[in-house]
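Here is what each chain is made of, one letter per residue.
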Amino acid sequence: MQIHLKAPAKVNLFLRIVGKRADGYHDLFSLMQAISLYDEITLSVSEGDSISVTVSGNDEVPAGAGNICHKAALGVLTCADVKRSVEIGITKHIPVGGGLGGGSSNAATVIMALNEAIGGVLTPEELAGIALDCGSDVPFFLLRAPAIARGRGELLNPVVVPKYHYVLLNPGIAVSTAEVYGALGSFDLTKEAEDNILIRLGELKESSFCSKDSDVESLLVNDLEAVVFDKYRFIAELKESLIAEGAVGALMSGSGATVFGIFSDKAKAVKAAEILRAKLPEGTWVATADGL
Ligand code: C5P
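In this text the structure is predicted, and so the values were computed from the model without any measurement.

**Student:** Go over the sheet that holds strand E8 (residues 249–252), please, and point to the residues and values.
**Tutor:** If you walk across this open sheet you meet the four strands as E8-E9-E7-E10, and the pairing is antiparallel. With partners counted over all chains shown, the strands left at the sheet margins are E8 and strand E10 (285–290), one partner each. For this sheet, the mean inter-axis angle between neighbouring strands, taken without regard to orientation, is 20°. Here helix H10 (residues 233–244) sits on the sheet and contacts strand E7 (165–170), E8 and strand E9 (259–263); the angle it forms with E9, its principal contact strand, is near 10°. Set on the sheet, helix H11 (residues 266–279) makes contact with E7, E9 and E10; between it and E7 the angle comes to about 20°.

The structure is reproduced here in structure tokens:
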């Protein structure tokens, strides 16, 4: 039987880097929201002992054992100690290397669906462990609800966030997450600064967050922006173009290269996307999405 699944993208409404860890990763403090932009995944599980992954819609994404979904499926089967033939088909719509978590979301979707297909034998803790083995953003996609992420991204606290309307712009280049983190200088986000962000987040009501005079700009901070904008000035210009078209705030998502703008209503977001699609250089990917 073939199961059809949708794997959503995410944006980071803020992303602060708290420090560098002994294991080479960085500790984060981030607010993540899944959005209504999806890759499509088909999963077939039958008797046997093999895993196959095919990909359409993007030539840069590896098929077979090099795909993150292969690791996800193997992780589930190994942890559950079962053998199955697993066929995974991925149709990409989420830009790759775009800071929107597409690959991570694909992996989380396979982990959840394959566990279901083998009888739901794994515990939430086991699923979370397999997810983190696949990548730092994967545990978030098991949750899919807005959440504050700490640690590498696996310590998740669900929070209430309005279902914002987004316009997303990607310049058509893939940015390497490892390279961006590698180029980070030193930083010291204090506990006090963290507390201040949380207090502001608690204070922001849907109406105020979406108005020009709210301090939405002060919440939308991404410590990785400087590294990416330094190398690719035109990504900073894409961000500016969102503000020029009426976004109440704009930010780079994750390690880039996608930037998003928040709009107070869907019609304004759709209109801005139309204008930007006509105005921006060919090869710029423009999309609208809503928070989930
Ligand atoms: O975990 P993931 O494979 O997505 O991470 C890709 C790279 O991004 C890591 O190899 C690391 O260089 C960097 N990273 C980090 N700290 C994080 C997440 C990612 O340094 N919390």
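This is not the end of the story, as more comes after the structure.
**Student:** Hey, could you go over the domain arrangement of the protein for me, with residue numbers and the actual values?
**Tutor:** Under the domain assignment used here, the protein contains domain 1 (2–158) and domain 2 (165–210 + 224–290). In this structure, domain 1 and domain 2 have C-alpha centres spaced 23 Å apart. Listed by partner, the interface residues are 30 residues for domain 1 and 28 residues for domain 2. Summed over both partners, the interface of domain 1 with domain 2 buries about 2300 Å², with 66% contributed by carbon and sulfur atoms. In this structure, the connection of domain 1 to domain 2 is made through zero salt bridges. Between domain 1 and domain 2 we count eight residue pairs in polar contact (both at pLDDT 80 or more) in total. Of all elements in the fold, only strand E1 (2–20), strand E2 (26–46) and strand E5 (147–151) reach the threshold of two or more residues within the side of domain 1 that touches domain 2. Sorting elements by how many residues they give to the side of domain 1 that touches domain 2 places E1 first, with 11 residues. Each residue belonging to the side of domain 1 that touches domain 2 can be placed in one class, and the counts come to 16 nonpolar, nine polar and five charged.

Calculation notes
- Residues numbered from 1 in each chain as written.
- Predicted model: local features only at pLDDT ≥ 70, side-chain atom pairs only at ≥ 80, totals over all residues.
- Heavy atoms only, no water.
- Pairing = 2+ DSSP bridges.
- Helix = DSSP H or I, 4+ residues; strand = E, 2+ residues; numbered from the N terminus.
- Axes fitted to C-alpha atoms, helices over the stretch in contact; angles between N-to-C directions.
- Contact = heavy atoms within 4.5 Å.
- Domains from an automatic or database assignment.
- Buried area = accessible area lost by both parts, 1.4 Å probe.
- Salt bridge = Lys/Arg side-chain N within 4 Å of Asp/Glu carboxyl O.
- Polar contact = N/O pair within 3.5 Å; in protein donor to acceptor, adjacent residues only side chain to side chain.
- Nonpolar A, V, L, I, M, F, W, Y, C, P; charged D, E, K, R; others polar.

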